[in-house]
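One-letter residues, chain by chain:
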Amino acid sequence: MPFREINSKMVEATVIPGQKMFSQRGAMLAYRGEVSFTPNIQGGQGGVMSMIGRRMANEATPLMTVEGSGTVMFGHGGHHIQVINLAGDTLYVEADRLLAFDGTLQQGTMFMGSQGGVMGMVRGQVSGQGLFTTTLKGHGAVAVMAHGGVIELPIAPGHDVHVDPQAYVAHHGEVRNKLSTALGWRDMVGRGSGEAFQLELSGSGAVYVQASEEKL
């Protein structure tokens, strides 16, 4: 069920009988119709392992199951909202950035080191983001939150994209990530921004970058 963007900080979704949505707790702003909101103790479609992964990553963001018939308006903390439509591929996004998503999407957890090796682990420590990240796979829509607006940068073979790890929001497609250093190790002491570290994304897909480095 697609999201309709009301403005940069609010989206509306149509809830259909027999279909579920998941949203972050506190994300519902208003609704019309017969719609119910219940806590989800199994971590969405990913089940117990997804929930465990988020807790290990200190990302135990409570999810609400949204069901019924009507329309719901979502927003949270005045953050900018970006709607991402998936057509069978996988979206990688931090759990605390998820606002709402289709229940048809399969949710899981990925250890960042599995893509970036040891440097992937370093990236989690430096950026302040968890070593685990949430994955959403399938056909459906996702609404994510960011600071100061979002731009989508395409990633294509031979056209790698370098992103400040703290400005990274999410990415999708067949993309590999690697943390590279722009300075020597001694120069990086006490630094955690893009001047010292760059997240290098290669392959085929897209990355979403926020205008502010502030963490949610």
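Everything numeric here is computed off the predicted structure, so don't read it as measured data. (Residues numbered from 1 in each chain as written. Predicted model: local features only at pLDDT ≥ 70, side-chain atom pairs only at ≥ 80, totals over all residues. Heavy atoms only, no water.)

### Observations regarding the packing of aromatic side chains
Definition in use: Only Phe, Tyr and Trp rings take part, Trp by its six-membered ring, and two of them pair if their centres are within 6.5 Å. Stacked means planes under 30 degrees apart, edge-to-face means over 60, and tilted covers everything else. Going along the chain from the N terminus, every DSSP run of H or I of four or more residues is numbered as a helix, and every run of E of two or more is numbered as a strand. Only protein chains enter the accessibility calculation, which uses a 1.4 Å probe; a residue is then buried when its area is under 20% of its type maximum, exposed when over 50%, and partly exposed in between.
For the structure on display, the rule yields 2 aromatic pairs. Aromatic pair Phe22 and Phe101: ring centres 5.6 Å apart, planes at 35°, arrangement tilted. Taken as a pair, Phe22 in strand β3 (residues 21-24) and Phe101 in strand β7 (residues 98-102) lie far apart in primary sequence, 79 residues in all. Taking relative accessible area as the criterion, Phe22 reaches 2% and is therefore assigned buried.

### Details of the nonpolar core
This is how it is decided: Definition of nonpolar core: a set of buried residues of the types Ala, Val, Leu, Ile, Met, Phe, Trp, Tyr and Cys, connected through side-chain atoms within 4.5 Å.
By size, the foremost hydrophobic cluster in this structure holds 17 residues, and its most contacted members are Phe3, Val11, Met21, Val66, Phe74 and Leu99. Taken together, the elements giving at least two residues each to this core come down to β2 (10-15), β5 (63-74), β6 (80-93), β7 and β9 (132-146). Phe22, Leu105, Val142 and Val144 belong to the second-largest nonpolar core, a separate cluster that totals 16 residues.

### Quick word on the environment of Ile16
Take Ile16: it is sitting in the loop between β2 and β3. Its relative accessible area of 37% is what places Ile16 among the partly exposed residues. When the C-alpha positions of Ile16 and Gly68 are compared, they lie 6.2 Å apart, and in sequence the two are 52 residues distant.

### Structural notes on the pattern of salt bridges
In plain terms, the rule: In what follows, salt bridge is the name for a side-chain nitrogen of Lys or Arg lying within 4 Å of a carboxyl oxygen of Asp or Glu.
Inspection of the entire model under this criterion finds 2 salt bridges. Note that Glu12 and Arg4 form a salt bridge whose closest N and O atoms lie 3.0 Å from each other. Glu12 sits in the buried class, given a relative accessible area of 11%. For Arg4, a relative accessible area of 47% puts it in the partly exposed group. In this structure, Arg32 and Glu12 form a salt bridge, with 2.8 Å as the shortest nitrogen-oxygen distance. Here Arg32 is found in strand β4 (residues 28-40), whereas its partner Glu12 is found in strand β2, with 20 residues between them in sequence. Among the residues examined, Arg32 registers a relative accessible area of 48% and is labelled partly exposed. Ionic contacts of the salt-bridge type, sharing partners, join the residues Arg4, Glu12 and Arg32 into one network.

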